[in-house]
Amino acid sequence: MVSLPRPSVLHGAVSAPCFCCRKGKDQFDNLEKHTQWGIDVLEKYIKFVKERTEIELSYAKQLRNLSKKYQPKKNSKEEEEYRYTSTRAFLATLNEMNDYAGQHEVISENMTSLITGELTRYVQELKQERKSHFHDGRKAQQHIETCWKQLEASKRRFERDCKEADRAQQYFEKMDADINVTKADVEKARQQAQLRHQMAEDSKAEYSSTLQKFNSEQHEHYYTHIPNIFQKIQEMEERRIVRIGESMKTFAEVDRQVIPIIGKCLDEITKAAESVDHKNDSQMVIEAFKSGFEPPGDVDFEDFTQPMKRTVSESSLSNSRGDGKSEPKFGSKSKGKLWPFIKKNKGAGPEDFSNLPPEQRRKKLQQKVDELNRDIQKEMDSRDALTKMKDVYIKNPQMGDAASVDHRLAELGQNIEKLRLEVQKFEGWLAEVEGRLPARTEQPRRQSGVYEAQNASGVNSCAQDRESSPDGSYTEEQSQETEMKVPATDFDDEFDDEEPLPTIGTCKALYTFEGQNEGTISVAEGEMLYVIEEDKGDGWTRIRRNEDEEGYVPTSYVEVYLDKNAKDVHKPLQKI
């Protein structure tokens, strides 16, 4: 009887790898999820830095717009205001804020190039490397699974052959024990049992070989291939962690690099603030607005005990009102109207700036002379350049026609001559102003009505000292010999139809004022009059006595009572 071995022991020896394969696959899935999460974190950080750069750019743009918004406009009044130390300090602050904005632009540029750009390229490389590693891992996993399937097939075949051999052996033993079976049938059953036994032995050998091969492949898989792949994935992940840490360090360094420059900007703002000089600014205001007028002298005592003087005081304005004994002064109103030229010029002022106080007029004239001299220098430079060009053309006719520049040279010569005449004209006015600025040592005295009445003949018989006009100009008063009557003309009639200015209040004359310049009006101390125009900053107030008499008086000579509801009443107010 032939006995065949049972394969149950071998079968039990190869049942463990199934769990190992499943475990390895699970580890790959976990690592794949983790590394994908790491890439997501990196991309999230890139997005964070990109939004930070956009904020820096937006902040820089807003700072630049803010600085530009408050910059002085060229050729405007604002530009003139920046000569004071306080406004210059503000201008320096605006410029430094512009530089400050530039540093935020530097932060944005550096973060974009050193962090966002670099990390974006690194993420692409990281994705490719990760894909390669997990491809190798899946390939190794598929290989070990294929080996396991081959082992399982060999095992099942060996098991089947063993069962077939066992049944053939049992059939042979049964046939051999049966006395009724022929010898030929027994022999046939024996041969069949031997064949099945040989097939089982072959399956056993094949299974044993496949098992050895699988164990070798499995050992190589778990102790060589998979650890190498895991090691590469680990190194890749560690590089990612190091890279994001370095990027965060760069993030801080980019900010730190501009701190010294920002500090310099703030230091310059502090320096500009410390340069503010209130004394200097005050002096500049004084120089800019001083008029050159002399302050009034003391008021003389008026003796009201003498009736004659009282009468004269009340009639001290007879000269300006026209008593028939004196001719109207140049600039007085003809036909009951104001002389037209005393109207305030709301457009451009006179060419000689006579509408300004002496000191301001001198400055304006000096500026005009300097401006004309600069224009002359420019024209002379152009003429010199053309002269040289003409000389070159004469020496080298092929370069150009020398006669072609003659017309331009003539124009430049005419322009220079015109400008020189202008300079002479303005220098004459300037010399006149500088020669006539107040330099008297005696203080002028305010003349009361009594004093004026007693000395009226003496005053009218000699040339008067200068007195400022209502628009701030200085004009020389005409003597009695040069005074002339102004005939009524069509030019006067143009003002007949003008609507009179409404009254805006009343005023009381604190002192007697003899209005002897064009546009002024004489008032007696204590007289009440209507106010039709407030002081515009030039030191003069426009008043009206009646429908035909109005003019300017010094604001310091009257006490003004403004009344918004005042009506335009032309009858004279009574004296107090």
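Here the structure is a predicted model, which means the values were calculated and not measured.

K.L.:
For the overall build of the protein, give the residues involved together with the corresponding values.
P.N.:
A count of helical and extended segments in the protein gives 13 helices and 7 strands. Counting the 576 residues in the protein, one finds 33% classified as buried. Pairs at least 24 residues apart make up 78% of the contacts formed inside the protein by residues separated by at least 6 positions. Summed over all atoms, the accessible surface of the protein reaches about 35900 Å², with 52% contributed by carbon and sulfur.

K.L.:
Before we move on, can you summarise the sheet that holds strand β3 (residues 505-509) with the specific residues and values?
P.N.:
In a beta sheet, neighbouring strands pair by backbone hydrogen bonds and run either parallel or antiparallel. With antiparallel pairing, the 5 strands of this open sheet are ordered in space as β6-β5-β4-β3-β7. Two strands bound the open sheet, and with one partner strand each, they are β6 (549-554) and β7 (558-562). Strand-to-strand twist across the sheet, computed as the mean angle between neighbouring axes with direction ignored, equals 40°. Both strand β5 (residues 540-546) and β6 contribute to a ladder of 6 bridges, which runs antiparallel. Bridge pairing in β6 links asparagine 546 to glutamate 549.

K.L.:
I'd like a description of the pattern of salt bridges, backed by residues and values.
P.N.:
The tally for this structure, following the rule as stated, stands at 25 salt bridges. Among the ionic pairs, arginine 545 bridges to glutamate 527, the shortest N-O distance being 2.8 Å. Taken together, the positions of arginine 545 in strand β5 and glutamate 527 in the loop between β3 and β4 (528-533) put the pair 18 residues apart, joining distant regions of the chain. Each member of the pair arginine 545 and glutamate 527 is classed as buried. Arginine 544 serves as the salt-bridge partner of glutamate 550, at 3.1 Å between the closest nitrogen and oxygen. The class for glutamate 550 is buried, based on a relative accessible area of 12%. Arginine 544 gets classed as buried once you look at its relative accessible area, which sits at 1%. What you see here is one network of salt bridges that share partners, running through Glu533, Arg542, Arg544 and Glu550.

K.L.:
Account for the nonpolar core, with residues named and values stated.
P.N.:
In terms of nonpolar packing, the biggest core is built from 28 residues, with Leu42, Tyr45, Met111 and Ile115 touching the most fellow members. Contributions of two or more residues to this core are made by α2 (17-69), α4 (85-177) and α5 (183-274). Tallying contributions element by element places α4 first for this core, with 11 residues. Contact partners of tyrosine 45, with chain neighbours within four places excluded, come to Ile115, Leu119, Ile244, Ser247, Met248 and Phe251. Of all hydrophobic cores here, the second largest spans 13 residues; its members include Ile521, Val523, Trp540 and Val558.

K.L.:
Got a sec to walk through the confidence of the model for the protein? Specific residues and values, please.
P.N.:
Across the protein, pLDDT averages 77, with 73% of residues at or above 70. Low pLDDT (under 50) marks residues 438-497, which in the prediction has 127 contacts with non-local residues, meaning those over four places away or in another chain.

K.L.:
An account of α4 is requested, with residue identities and associated values reported.
P.N.:
The end-to-end C-alpha distance of α4 is 135 Å, a good match for the 138 Å that 93 residues give at a rise of 1.5 Å each. In α4, a bend of some 35° at threonine 112 exceeds every other bend along the element.

K.L.:
I'd like a description of the packing of aromatic side chains, backed by residues and values.
P.N.:
In the structure shown here, the tally under the stated rule is 11 aromatic pairs. Ring geometry for tyrosine 45 versus phenylalanine 48: centroids 5.9 Å apart, planes at 40°, classification tilted. Placement of the pair is tyrosine 45 and phenylalanine 48 together in helix α2, with a separation of 3 residues, close to one helical turn. Taking relative accessible area as the criterion, phenylalanine 48 reaches 43% and is therefore assigned partly exposed. Ring centres of phenylalanine 426 and tryptophan 429 lie 5.2 Å apart, and the angle between their planes is 90°; this geometry places the pair in the edge-to-face category. With phenylalanine 426 and tryptophan 429 both in helix α10 (residues 406-436), this residue pair falls 3 residues apart, about one helical turn. Comparing phenylalanine 426 with tryptophan 429, the two get one shared label, buried. Here the aromatic cluster, defined as three or more aromatic residues joined through ring pairs, consists of Tyr511, Phe513, Trp540 and Tyr557. When the ring centre of tyrosine 122 is taken as origin, the NZ or CZ atom of arginine 243, which lies over that ring, is 4.7 Å away.

K.L.:
How would you sum up the pairing of β6? Please name residues and give values.
P.N.:
Within β6, 6 of the 6 residues are buried, which leaves it mostly tucked inside the rest of the structure. Burial of the side chains of β6 extends over both faces: Glu549, Gly551 and Val553 are buried on one face and Glu550, Tyr552 and Pro554 on the other. Here β5 folds back onto β6, and the loop between the two strands holds 2 residues.

K.L.:
Describe helix α6 (residues 278-289), and please don't skip the residues or the numbers.
P.N.:
Relative to the 16 Å expected for 12 residues at 1.5 Å per residue, α6 spans 17 Å between its end C-alpha atoms, a close match to the ideal helical length. As for α6, its buried residues are in contact with α4 and α9 (358-395). Capping the start of α6 is the job of one residue whose side-chain oxygen sits 3.1 Å from the backbone nitrogen of lysine 279: aspartate 277.

K.L.:
An account of the pairing of β5 is needed here, citing residue identities and associated values.
P.N.:
The two faces of a sheet get side chains in turn, since along a regular strand they alternate between them. Judged by how many residues are buried, β5 sits mostly within the fold: 7 of 7 residues are covered. Looking at chain direction, β4 and β5 are connected through 3 bridges and run antiparallel. By the bridge assignment for β5, valine 531 is matched with isoleucine 543.

Definitions and limits used
- Residues numbered from 1 in each chain as written.
- Predicted model: local features only at pLDDT ≥ 70, side-chain atom pairs only at ≥ 80, totals over all residues.
- Heavy atoms only, no water.
- Helix = DSSP H or I, 4+ residues; strand = E, 2+ residues; numbered from the N terminus.
- Buried < 20%, exposed > 50% of the residue type's maximum accessible area, 1.4 Å probe, protein only.
- Contact = heavy atoms within 4.5 Å.
- Areas by Shrake-Rupley, 256 points an atom, 1.4 Å probe, with all protein chains shown as cover.
- Pairing = 2+ DSSP bridges.
- Axes fitted to C-alpha atoms, helices over the stretch in contact; angles between N-to-C directions.
- Salt bridge = Lys/Arg side-chain N within 4 Å of Asp/Glu carboxyl O.
- Core = buried A, V, L, I, M, F, W, Y, C linked by side-chain atoms within 4.5 Å.
- pLDDT = per-residue confidence, 0-100.
- Expected span 1.5 Å × (residues − 1).
- Bend = angle between axes of the 7 residues up to and from the residue.
- Phe/Tyr/Trp six-rings, centres within 6.5 Å; stacked < 30°, edge-to-face > 60°.
- Lys NZ or Arg CZ within 6 Å of the ring centre and 35° of its normal.
- Polar contact = N/O pair within 3.5 Å; in protein donor to acceptor, adjacent residues only side chain to side chain.

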